[in-house]
Amino acid sequence: MSTLQFSAAQSSSVSCSTFVSGFNYRASRSNLFLVRTPRFFNRLARRNLSVKNIASDRRQELKDPSVHGEETPEPDSASIAASIQYHAEFTPLFSPEHFDLPKAFVATAESVRDSLIINWNATYKYYEKMNVKQAYYLSMEYLQGRALLNAIGNLELSGAYADALRKLGHELENVAGHEPDAALGNGGLGRLASCFLDSLATLNYPAWGEEVAENWLEMGNPWEIVRNDVSYSVKFYGEVISKPDGSKEWTGGENITAVAYDVPIPGYKTKTTINLRLWSTKVAPNEFDLRAYNDGDHAKACAALKNAEKICYILYPGDESIEGKILRLKQQYTLCSASLQDIIAHFEKRSGKPVNWEKFPEKVAVQMNDTHPTLCIPELIRILIDLKGLSWKESWDITQRTVAYTNHTVLPEALEKWSLDLLQELLPRHVEIIRMIDEELIRTIIAEYGTENLNLLQHKLKQMRILDNIELPDSVLELLVKPEESSAVDSIEEVEVSDEETEPTDEEQSEEQETKAKDVVTFEPDPNLPKTVRMANLCVVGGSAVNGVAEIHSEIVKNEVFNEFYKMWPEKFQNKTNGVTPRRWIRFCNPVLSEIITKWTGTDDWVLNTEKLSTLAKFSDNEDLQSEWREAKRINKIKVADFIKEKTGYIVNPDAMFDVQVKRMHEYKRQLLNIMGIVYRYKKMKEMSPEERKARYVPRVCIFGGKAFATYVQAKRIVKFITDVGTTVNHDADIGDLLKVVFVPDYNVSVAEVLIPGSELSQHISTAGMEASGTSNMKFAMNGCILIGTLDGANVEIRQEVGEDNFFLFGAEAHEIAGLRKERAEGKFIPDPRFEEVKAFVRNGVFGHYNYEELMGSLEGNEGYGRADYFLVGKDFPSYVECQEKVDEAYKDQKRWTKMSILNTAGSYKFSSDRTIREARGANYTDETMAAEDQELNITAWMASFMCLQNQRKHQAVCGQLSNN
């Protein structure tokens, strides 16, 4: 962390004490808060914070206690320049001699942060006063990206900051370019969390954050503010002791301390500024072994410190080893424990004495973003029982009414399972609680289905239990043991039978024995299988609600992934289609298109109310709009071309079609299908004369980007294959600008902000039924990019909104996938000759000497691990190739293509994260509760919890909290 100029306890003073004008002013740190308040911050301090009620459009004013209702003048460029100069002078990270770009960035960011802190403090004083309900969004990832331009844009100070920096010798764009991405995660999970924070602040739904953090920026992070007075102890290992009164105590083991760091998150066109909290892990000073240090055993002396710090080094460490598994589990528990202790401390502070724990679910909602935060369920129960003295029944009831679960995947490997033995060693008290939850579930299942049909009961328990392949509790087994059947002779009427009928044949006896053997139902675990804890099942059982993130995904969740739970608790399951923030993903990253949208819709209100984007549809044939639209796209494509040249050295033609697939590298996302299609295109080009090529094919630049998990070998093979194809194609003089293949290195949010505005075709081609939602598809559509894809995830809804004629559809549908895999296993699949042709072409060594047998072999055979084309690349290949031919034909008609592009932007209005947040708020409250609270203020106070570890050197585990009323 960068050295901060104030502590958490002093943060409320910042609004009145800041810098003075003039670059050469010097003051000691101890006197920092005694210096004269300059013009810029005097203006910022003297203002009202007006919080807009989105639902009722009433306004509630929060007045700074030191002022009397003056309106806030907007800071001008001169006062902003003075602010930047002050921070440049007193920033401890740099020597005072030079005001170069890195120093200019930090000074500018700290200047912006000063403004945010004033709004931030005022916002939270107001929400504390209102005592709103708080929903905590726990997520392992928070993929924010760069914050400077987003913050300045939300504050509507872009012009003033640009002028101020120009006076100081720098351009705002160049200064912003020196900010590293805050990449606390690796994909859509973290990006969604970041969009939600932006929407919460913009909608004036107050937010609060908590995370686990270390110095992930080499030059420090100017956005983070340490809260040394907010820290909690987190325990691992140890043992559970039963006390004489029947209570339990978790003692001994390894203890670390989680310390809070806060990051302000501003809303757009509002003074509301919410909070993201990070947690940094460390140990108490007394854990340092001074004796070992003086004896020369420095490693032993620092062992406790290193064990604590490594929790925050890398998010999702490789879990092939037992050490990797332990570290992952420690990350997840640190998120849950620190966050829940913070949540409960905040609740107790607001509640006063005595605390009415029955009110806890009325003031707190905990949303688990996927299964990584599952341990918050047993952790909340542990705190309530062991530390707060509640009974099991009370704690279980409170937990079930407090917690909810968002499912983000249907992939079996992503529905986490943890070894029972590992959990028992690391978190012994939590395993006791999980066993109690599992027993509660079993009793519920028995109450629902009875014990008459043991085969049915066995099936239900196998699918639904939290503890997998683990013996049933003794108390449950007693319920399943039937009393021995009596002869009941008196109740049976005597009937005369012949000897033949009473003496079965040997064959009949054999059949009877086989039938009895089949009817024997055993509930014993299989000694050949591991004993595991199914975290997704725990989420469903322990929560009040389960939601998918797209309509098709939510149906799969109900009908396939958790079908047995859905049959028993249908009221728990709901859909909340994902969204993205239109501020970052069009207004700020694509200003040239934003100006056109504002001109043709007649207002810039579309940034807040995306429904107004639909106005563009009625102008989609207008030649003037089409001309402006094409020019905006070309400007953005030139930026992409310049970026590609800078990062890869390749020179691409901005007049070619820019065809983009940027997302996490995974087999189900089928980057392999894309590159195989490109190879087919290249092969056909090579077989033609130059004239034939030019007549048939549209020039294309095929752009890939994304990251593969460190131990995901197949994903890395695909990356290698893409780069090898690019090396060959891009240096083929016969092909020239007709085809280029580029893999953009170090893909992150900032790279996406360059690529997405300049893209024309975007590929979302996952195997149907395997993508939960996707959010990049929404960003591309919002920026007027046309999608090619399967009926998977949010593609289904995007196609409905933009129009079927404006979406290139191919491939098998979700309901067909199981049958197609069965057909493959039975040896009935016949590959398309074009697909076989491409595989043979690759094997001939056209793309270098690397052996691609493993990669090509994964697309062949009928069964076996890593074989049999599980993701149906070969099945969908012919449909994909034919669909790409339709893309070429459409692109040749630029008027048609531009209309399709406009209609994609017009139809993307539904996919704003503002809409998702509004829906989520409605799901958390009854009509009566909402109506009662609306009489005071219709605001949802969200507290989001995110846990991420970021950057490849110093990394962070983050846990953000959003408060939602």
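Every value quoted in this text rests on a predicted model; they were computed, and no experiment measured them. (Residues numbered from 1 in each chain as written. Predicted model: local features only at pLDDT ≥ 70, side-chain atom pairs only at ≥ 80, totals over all residues. Heavy atoms only, no water.)

*Asks:* Would you mind going over the overall build of the chain with me for this structure?
*Replies:* The number of helices and strands found in the chain is 39 helices and 26 strands. Partitioning the contacts of the chain with sequence separation of at least 6, the portion at a separation of at least 24 is 78%. Accessible area of the chain: about 40,100 Å², with a carbon and sulfur share of 48%. (Helix = DSSP H or I, 4+ residues; strand = E, 2+ residues; numbered from the N terminus. Contact = heavy atoms within 4.5 Å. Areas by Shrake-Rupley, 256 points an atom, 1.4 Å probe, with all protein chains shown as cover.)

*Asks:* Quick question: what am I supposed to make of the nonpolar core here?
*Replies:* Generally speaking, a soluble globular protein has its nonpolar side chains buried in company with each other. In terms of nonpolar packing, the biggest core is built from 85 residues, with W357, F360, Y405, I437, F562 and F565 touching the most fellow members. With 10 residues, the single largest contributor to this core is helix 11 (residues 322-351). Sequence-distant contacts of F565, defined by excluding residues within four places in its chain, comprise L441, Q463, M464, N537, V540, V541 and F573. Counting 54 residues, the second-largest nonpolar core is a separate cluster that includes F704, I718, I786 and V873. (Core = buried A, V, L, I, M, F, W, Y, C linked by side-chain atoms within 4.5 Å. Buried < 20%, exposed > 50% of the residue type's maximum accessible area, 1.4 Å probe, protein only.)

*Asks:* Would you mind showing me how to read the sheet that holds strand 22 (residues 761-764) here?
*Replies:* The strands making up a sheet associate through backbone hydrogen bonding, with each pair oriented either parallel or antiparallel. As summarised here, the arrangement of the six strands in space is 21-20-19-22-23-24, forming an open sheet in which the pairing is parallel. Of all the strands in the sheet, just strand 21 (739-744) and strand 24 (808-809) have a single pairing partner and so form its edges. Of the strands in this sheet, strand 19 (657-662), strand 20 (700-705) and strand 21 are in contact with helix 26 (residues 623-648), which crosses strand 21 at around 65 degrees. (Pairing = 2+ DSSP bridges. Axes fitted to C-alpha atoms, helices over the stretch in contact; angles between N-to-C directions.)

*Asks:* Would you take a moment to explain empty space enclosed by the protein for this structure?
*Replies:* Empty space among the atoms can be located by rolling a probe the size of a water molecule over them. Inspection of the entire model under this criterion finds six cavities of 30 Å³ or more. In this structure, the largest cavity encloses a volume near 150 Å³. Lining the largest cavity we find 17 residues, and of these Q144, N150, I265, P266 and R584 sit closest to its centre. At the level of elements, strand 4 (142-145), helix 4 (148-154), helix 7 (188-202) and strand 10 (254-266) are the ones that each hand at least two residues to the lining of the largest cavity. No other element matches the four residues that strand 10 contributes to the lining of the largest cavity. Split by residue class, the lining of the largest cavity holds nine nonpolar, five polar and three charged. (1 Å grid on protein atoms, 1.4 Å probe; cavity = no way out; pocket = protein on both sides within 12 Å on 5 of 7 lines; lining within 4 Å. Points joined across faces, edges and corners; volume = space filled by probe spheres on them. Nonpolar A, V, L, I, M, F, W, Y, C, P; charged D, E, K, R; others polar.)

*Asks:* It is not clear to me how the pattern of salt bridges should be interpreted in this structure. Could you clarify?
*Replies:* Oppositely charged side chains are able to pair whenever their charged atoms sit close together. One pass over the structure, following the stated rule, counts 60 salt bridges. For the salt bridge of R824 with D869, the shortest nitrogen-to-oxygen distance reads 3.9 Å. Here R824 is found in helix 33 (residues 817-825), whereas its partner D869 is found in the loop between helix 35 (853-857) and helix 36 (873-892), with 45 residues between them in sequence. Given the relative accessible area of 4%, D869 is considered buried. (Salt bridge = Lys/Arg side-chain N within 4 Å of Asp/Glu carboxyl O.)

*Asks:* Where do I start with the environment of S912 in this structure?
*Replies:* By the secondary structure assignment, S912 is in the loop between helix 37 (894-907) and helix 38 (913-923). Sequence spacing of S912 and M782 is 130 residues, and the spatial spacing of their C-alpha atoms is 9.3 Å. With sequence-adjacent residues up to four places away left out, S912 is seen in contact with G579, V580, P582 and T610. A distance of 3.1 Å separates the side chain of S912 from the backbone nitrogen of D914, its partner in a polar contact. (Polar contact = N/O pair within 3.5 Å; in protein donor to acceptor, adjacent residues only side chain to side chain.)

*Asks:* Help me out: how do you make sense of the sheet that holds strand 16 (residues 532-534) in this one?
*Replies:* Strand order in the open sheet made by the three strands is 14-16-15, with antiparallel pairing throughout. Single-partner strands in this sheet number two, and they are strand 14 (417-419) and strand 15 (467-468). In the sheet, strand 15 pairs with strand 16 via two bridges, with the strands oriented antiparallel. The residue bridging L467 from the neighbouring strand is V533, located in strand 16.

*Asks:* Looking at this structure, how should I read unusual backbone geometry?
*Replies:* A negative phi holds for most residues other than glycine; trans holds for most peptide bonds. Following K353, the chain continues into P354 via a peptide bond in cis, with omega recorded as -10 degrees. Following the sequence through the fold, P354 ends up in the loop between helix 11 and helix 12 (360-363). Notably, Y237 is not glycine yet its phi reads approximately 65 degrees, a positive angle. Tracing the backbone shows Y237 in the loop between strand 7 (225-236) and strand 8 (239-242). Judged by its relative accessible area of 22%, Y237 falls in the partly exposed class. Unusually for a residue other than glycine, A868 sits at a positive phi of about 70 degrees. With relative accessibility at 14%, the residue A868 sits in the buried group.

*Asks:* Sorry if this is basic, but what is going on with helix 13 (residues 376-387) here?
*Replies:* Think of an α-helix as 3.6 residues a turn; residues three or four steps apart then line up on the same face. The end-to-end C-alpha distance of helix 13, which contains 12 residues, comes to 15 Å, matching closely the 16 Å that a straight helix rising 1.5 Å per residue would cover. Among the 12 residues of helix 13, 11 are classified as buried, and the element is accordingly described as predominantly covered. The set of residues buried in helix 13 consists of C376, I377, P378, E379, L380, I381, R382, I383, L384, I385 and D386. Backbone geometry just after helix 13 places G389 at a positive phi near 80 degrees. (Expected span 1.5 Å × (residues − 1).)

*Asks:* Quick question: what am I supposed to make of the packing of helix 34 (residues 833-843) against helix 36 here?
*Replies:* It is at 9 Å that the axes of helix 34 and helix 36 come closest, and there the two elements cross at 105 degrees. Taken together, the axis directions place helix 34 and helix 36 in an arrangement best described as roughly perpendicular. Facing helix 34, whose interface residues are R834, F835 and V838, helix 36 presents V873, G874, F877, P878, V881 and E882. Residues that form the contact of helix 34 with helix 36 fall into these classes: six nonpolar, one polar and two charged. (Parallel < 35°, antiparallel > 145°, perpendicular 65-115°, else oblique.)

*Asks:* Whenever I open this one, helix 3 (residues 101-130) confuses me. Can you help?
*Replies:* Across its 30 residues, helix 3 extends 43 Å between first and last C-alpha, which sits within 8% of the 44 Å expected from 1.5 Å per residue. Most of helix 3 is tucked away, with 24 of its 30 residues classed as buried. Where helix 3 ends, the next residue or the one after it, N131, has phi of about 55 degrees, a positive value.

*Asks:* Is there a simple way to think about the packing of helix 27 (residues 671-686) against helix 36 in this case?
*Replies:* A packed helix pair is summarised by two numbers, namely the angle formed by the two axes and the spacing between the axes. Running from amino to carboxyl end, helix 27 crosses helix 36 at an angle of 60 degrees, the nearest separation of the two axes being 10 Å. By the angle between their axes, helix 27 is oblique relative to helix 36. The hand of the helix 27/helix 36 crossing is right-handed. Mapping the contact onto sequence places L673, N674, M676, G677, Y680 and R681 in helix 27 and V873, F877, Y880, V881 and D888 in helix 36. Of the residues that constitute the contact of helix 27 with helix 36, the class distribution is seven nonpolar, two polar and two charged. (Left-handed = near helix turned anticlockwise from the far one by under 90°.)

*Asks:* Sorry, what's going on with the confidence of the model for the chain here?
*Replies:* Across the chain, pLDDT averages 84, with 82% of residues at or above 70. Segment residues 485-501: pLDDT under 50, and two contacts once partners within four positions in sequence are set aside and those in other chains are kept. Confidence drops under pLDDT 50 across residues 925-965; counting only partners more than four residues distant or on other chains, this segment forms 240 contacts. (pLDDT = per-residue confidence, 0-100.)

*Asks:* It is not clear to me how the pairing of strand 10 should be interpreted in this structure. Could you clarify?
*Replies:* It is a general feature of regular strands that their side chains alternate between the two faces of the sheet. Burial analysis of strand 10 places 12 of its 13 residues in the buried class, which makes it a mostly covered element. Across nine bridges, strand 7 lies against strand 10 in antiparallel orientation. Paired with S231 across the two strands is V259, which belongs to strand 10. The pairing of strand 10 with strand 11 (residues 273-282) spans 10 bridges and is antiparallel.

*Asks:* Looking at this structure, I do not really get the side chain of T916. What am I missing?
*Replies:* Mapping T916 onto the fold places it in helix 38. Relative accessible area serves as the criterion here: at 3%, T916 is assigned to the buried category.

*Asks:* Even after reading the chapter, I still don't get the packing of aromatic side chains, so can you show me in this structure?
*Replies:* Two aromatic rings are characterised by how far apart their centres lie and by the angle between their planes. A complete count under the given rule lists 28 aromatic pairs for this structure. Aromatic pair Y86 and F90: ring centres 4.6 Å apart, planes at 35 degrees, arrangement tilted. Residue Y86 and its partner F90 are both found in helix 2 (residues 77-90); the two are separated by four residues, about one turn of the helix. With respect to burial, Y86 and F90 carry one shared label: buried. Here the aromatic rings of F808 and W897 are separated by 6.1 Å at their centres, their planes lie at 25 degrees, and the arrangement is stacked. Within this pair, whereas F808 is found in strand 24, its partner W897 is found in helix 37, the two being separated by 89 residues in sequence. Under the relative-accessibility criterion, F808 is labelled buried at 6%. (Phe/Tyr/Trp six-rings, centres within 6.5 Å; stacked < 30°, edge-to-face > 60°.)

*Asks:* Where do I start with the side chain of R534 in this structure?
*Replies:* Summarising the element assignment, R534 is placed in strand 16. Residue R534 is classed as buried on the basis of its relative accessible area of 12%. Beyond its immediate chain neighbours, meaning those up to four positions away, R534 contacts E416, K417, L461, K462, Q463, M464, R465, I466 and D468.

*Asks:* Is there a simple way to explain a nonpolar patch on the surface in this structure?
*Replies:* A cluster of nonpolar residues, F288, L290 and Y293, forms a patch on the protein surface that exposes about 290 Å² of accessible area. Counting through the fold element by element, F288 comes out in the loop between strand 11 and helix 8 (290-294). (Patch = residues over 30% accessible without salt bridge, like charges linked within 9 Å, V, L, I, M, F, W, Y side chains within 5 Å.)

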